[in-house]
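Spelled out from the first residue to the last, the chains are:
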Amino acid sequence: MAGPPPDLLLVGVGPHARFKHLPAIQRAVTAGLAASYSILELESARDRLEVLIPTLAVKPRRLAFVPDRRAEGLWYSAESDDALAELCTELPTLRIVLATEPKAHFPYLKWCLAHGRDCLVDKPITLPMSPAKVIDPGRLVTELAELLDLARDSPSRCSVMTPRRYHRVYEWVRRYAAGYVRRFGVPVTYLSIYHGEGVWNTPPEYLEREDHPYKYGYGKLLHSGYHYVDLLARLLDLNGELEIDFVARTAGPEDQQAQVPARLYERMDGAPRFDPARGHPFGETDLAAAFSARRPSGEVVTLGNLALLQTTTSLRNWGALPTDVYNRTGRFGVEEVRLNLGFLAGVAARIVKVPVAVDGRRISFREEFEILVTRNGNLLGGSSLERRAGEVTSEGLLEAGRWRLFRRWLRGEEDRSRIDQHLRSVRLLEAILLSARRQAASNKQ
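Since the model is a prediction, treat every value here as computed from it, not as a measurement.

Criteria and thresholds
Residues numbered from 1 in each chain as written. Predicted model: local features only at pLDDT ≥ 70, side-chain atom pairs only at ≥ 80, totals over all residues. Heavy atoms only, no water. Helix = DSSP H or I, 4+ residues; strand = E, 2+ residues; numbered from the N terminus. Rg over C-alpha atoms; globule rule 2.2 N^0.38 Å. Buried < 20%, exposed > 50% of the residue type's maximum accessible area, 1.4 Å probe, protein only. Contact = heavy atoms within 4.5 Å. Lys, Arg positive; Asp, Glu negative; His and termini not counted. Charge placed at Lys NZ, Arg CZ, Asp CG, Glu CD. Disulfide = S-S within 2.5 Å. Pairing = 2+ DSSP bridges. Right-handed = clockwise from strand over helix to strand, strands pointing away. Axes fitted to C-alpha atoms, helices over the stretch in contact; angles between N-to-C directions. Parallel < 35°, antiparallel > 145°, perpendicular 65-115°, else oblique. Left-handed = near helix turned anticlockwise from the far one by under 90°. Nonpolar A, V, L, I, M, F, W, Y, C, P; charged D, E, K, R; others polar. Core = buried A, V, L, I, M, F, W, Y, C linked by side-chain atoms within 4.5 Å. Salt bridge = Lys/Arg side-chain N within 4 Å of Asp/Glu carboxyl O.

*Asks:* Describe the overall build of the chain, and please don't skip the residues or the numbers.
*Replies:* Check the secondary structure of the chain and you find 13 helices and 14 strands. The globule rule puts the C-alpha radius of gyration for 445 residues at 22 Å, and the 22 Å found for the chain is close to it. Principal axes of the C-alpha set define a box for the chain whose edges measure 65 × 60 × 45 Å. Classification of the 445 residues of the chain by burial places 53% in the buried group. Across the chain, the fraction of contacts at a sequence separation of at least 24, relative to all contacts at a separation of at least 6, is 72%. Charge-centre separation for the chain: the mean point of 61 positive side chains lies 5 Å from the mean point of 55 negative side chains.

Given below as structure tokens:
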């Protein structure tokens with residue numbers, strides 16, 4: 001890192017930022033990678049922050065607040081412009097971590113790029129809204145293109161916090177497949193990605209929650225789902241530019257009435273009455289998509305599927321959520337990726353969170369992974385079957401990837417998750433969302 005360590009600004013301190021960004025920022029200050037950090041938040045969060053700050057081992061240099069205009073449908077205002085300008089005048093080396101609700105990402109990113117400020121933004125990169133205050137998926141690529149135009153003329157570096165780009169297992173799978181593509185000229189002929197998140201929301205929470213909200217029309221795809229769309233894009237990149245068609249199907253909060261018997265809610269401790277709101281344009285809880293990737297001449301190169309599910313095994317047995325809900329919702333995750341390289345080889349990887357301890361409603365997990373490789377040993381020589389397995393006992397694969405990305409961004413070395421490297425991911429995301437929307441509209445006819 002050339003020059004003195006920068007000062008940091010964390011914009012937004014919701015549950016995710018509190019448990020992910022704040023520890024990394026404090027770690028960076030302690031390690032001398034950052035000189036200090038400040039916080040910019042909504043005025044409505046002042047009381048919550050005043051309770052949080054005394055508990056932090058490394059205290060922020062400054063707290064700044066802007067009015068909360070969300071009730072007016074505004075997620076960014078001129079006061080944010082003024083606050084950013086004042087902080088940057090006081091701290092010339094300021095770099096900005098954007099952890100706001102995603103609806104505010106676009107204007108904050110425009111400000112950073114227009115003013116030459118390095119920034120690190122959470123996924124999704126932008127979240128365009130319609131006049132009806134629900135997501136407008138057809139503008140995702142358009143908004144990113146506008147940001148990329150700004151980025152080309154800006155000295156700032158902008159990266160996206162997608163730690164699976166630095167995830168040891170997924171990167172091993174990608175490098176292994178890339179070796180076959182490069183050596184033998186055989187493409188990835190099949191690719192599937194599965195994420196079972198085990199999120200069990202009670203009916204009122206779909207309308208009440210502002211963190212991970214469904215009431216604005218976005219759901220699993222724009223919560224954790226973006227990580228797996230991004231993983232899909234990186235693996236498909238091995239095949240070069242292809243035309244990709246999606247057929248997506250979704251289920252949402254109302255569908256769960258047919259899936260989950262009402263009597264199960266009665267077994268929860270303090271569960272609300274099973275009475276979900278109907279007719280609201282909720283986001284999806286579950287998505288299954290099939291796709292084909294074709295050459296312009298029509299030949300199919302890759303078939304595959306993407307399954308992003310929240311209605312999977314959960315550990316929740318309580319009703320009312322605590323005020324601090326991050327990782328206290330009974331989430332129980334399993335993720336898998338499988339790919340084939342024609343007749344030559346195949347790779348399958350599974351990562352599982354194994355519950356090991358329960359402290360109230362906070363559950364501790366041990367992470368385990370398994371990689372299974374099959375090869376045409378008769379043709380290529382060597383073994384035809386290989387297993388790799390391990391237990392991750394330190395900070396975990398994902399957290400290690402998060403810290404590596406963050407550290408490289410601080411040093412000006414981040415070159416794997418720049419905003420311009422997410423265009424294919426956002427194109428895929430938009431295509432999946434639009435396919436799902438068309439199917440939902442067809443179902444109502």
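Let's pick the thread back up.
*Asks:* An account of the state of the cysteines is requested, with residue identities and associated values reported.
*Replies:* Under the definition given, this model contains zero disulfides. Free cysteine: Cys112, not disulfide-bonded; nearest cysteine sulfur from Cys119 at 4.4 Å. No disulfide involves Cys119; its sulfur sits 3.3 Å from the nearest other cysteine sulfur, which is in Cys158. With relative accessibility at 0%, the residue Cys119 sits in the buried group.

*Asks:* An account of the pairing of strand 4 (residues 95–98) is requested, with residue identities and associated values reported.
*Replies:* Here strand 4 shows two buried faces, one formed by Arg95 and Val97 and the other by Ile96 and Leu98. Alignment of strand 1 (residues 7–11) against strand 4, held across four bridges, turns out to be parallel. The residue of strand 4 that forms the bridge with Val11 is Leu98. In this sheet, strand 5 (residues 119–121) lies alongside strand 4 in parallel orientation, the contact comprising three bridges. Bridging from a neighbouring strand, Ile96 pairs with Cys119 of strand 5.

*Asks:* Describe the environment of Leu242, and please don't skip the residues or the numbers.
*Replies:* Looking at the secondary structure, you find Leu242 in the loop between helix 8 (225–236) and strand 8 (243–251). In this structure, the C-alpha to C-alpha distance between Leu242 and Gly3, residues 239 residues apart in sequence, is 43 Å. What Leu242 contacts, discounting residues up to four positions off in sequence, is Ala293, Arg294, Arg295, Val301 and Arg424.

*Asks:* So what's going on with the pairing of strand 1? Residues and values would help.
*Replies:* If a strand is regular, its side chains alternate between the two faces of the sheet. Judged by how many residues are buried, strand 1 sits mostly within the fold: five of five residues are covered. Side chains of strand 1 alternate between two faces, with Asp7, Leu9 and Val11 and Leu8 and Leu10 buried alike. By the bridge criterion, five bridges tie strand 1 to strand 2 (residues 36–42) in an arrangement that is parallel. Across the sheet, Leu10 pairs through a bridge with Ile39, a residue of strand 2. Handedness of the β-α-β unit built from strand 1, helix 1 (residues 15–30) and strand 2 comes out right-handed.

*Asks:* Let's hear about the packing of helix 1 against helix 12 (residues 397–410): which residues, and what values?
*Replies:* Each packed pair of helices is defined by two parameters, the angle between the axes and the distance between the axes. Packing of helix 1 against helix 12 brings their axes to within 11 Å, and their N-to-C directions diverge by 55°. The orientation of helix 1 with respect to helix 12, classified from their angle, is oblique. When the axes of helix 1 and helix 12 are compared, the crossing they make is right-handed. Judged by residue contacts, His16, Lys20, Ala24, Ile25, Arg27 and Ala28 of helix 1 engage Glu399, Arg402, Trp403, Phe406 and Leu410 from helix 12. Looking at the contact of helix 1 with helix 12 residue by residue, the classes come out as six nonpolar, one polar and four charged.

*Asks:* Please set out the nonpolar core residue by residue, giving values where relevant.
*Replies:* With 87 residues, the main nonpolar core has Leu40, Ile125, Leu191, Leu339 and Leu341 as its most contacted residues. Of all the elements, helix 6 (residues 168–184) adds the most residues to this core, at nine residues. When near neighbours in sequence (up to four residues on either side) are disregarded, Ile125 contacts His105, Leu109, Leu144, Leu147, Val160, Tyr226, Ile419, His422 and Val426. Core analysis: the next-biggest nonpolar cluster, separate from the first, contains 29 residues, Val13, Ala17, Leu22 and Val29 among them.

*Asks:* Give a description of the pattern of salt bridges that names residues and reports values.
*Replies:* Counted under the stated rule, the structure contains 36 salt bridges. Asp7 is the salt-bridge partner of Arg61, the closest N and O atoms lying 4.0 Å from each other. Placement of the pair is Arg61 in the loop between helix 2 (46–52) and strand 3 (63–66) and Asp7 in strand 1, with a sequence separation of 54 residues. For Asp7, a relative accessible area of 9% corresponds to the buried category. Through salt bridges with shared partners, one network takes in Asp7, Arg61, Arg62, Glu86 and Glu90.

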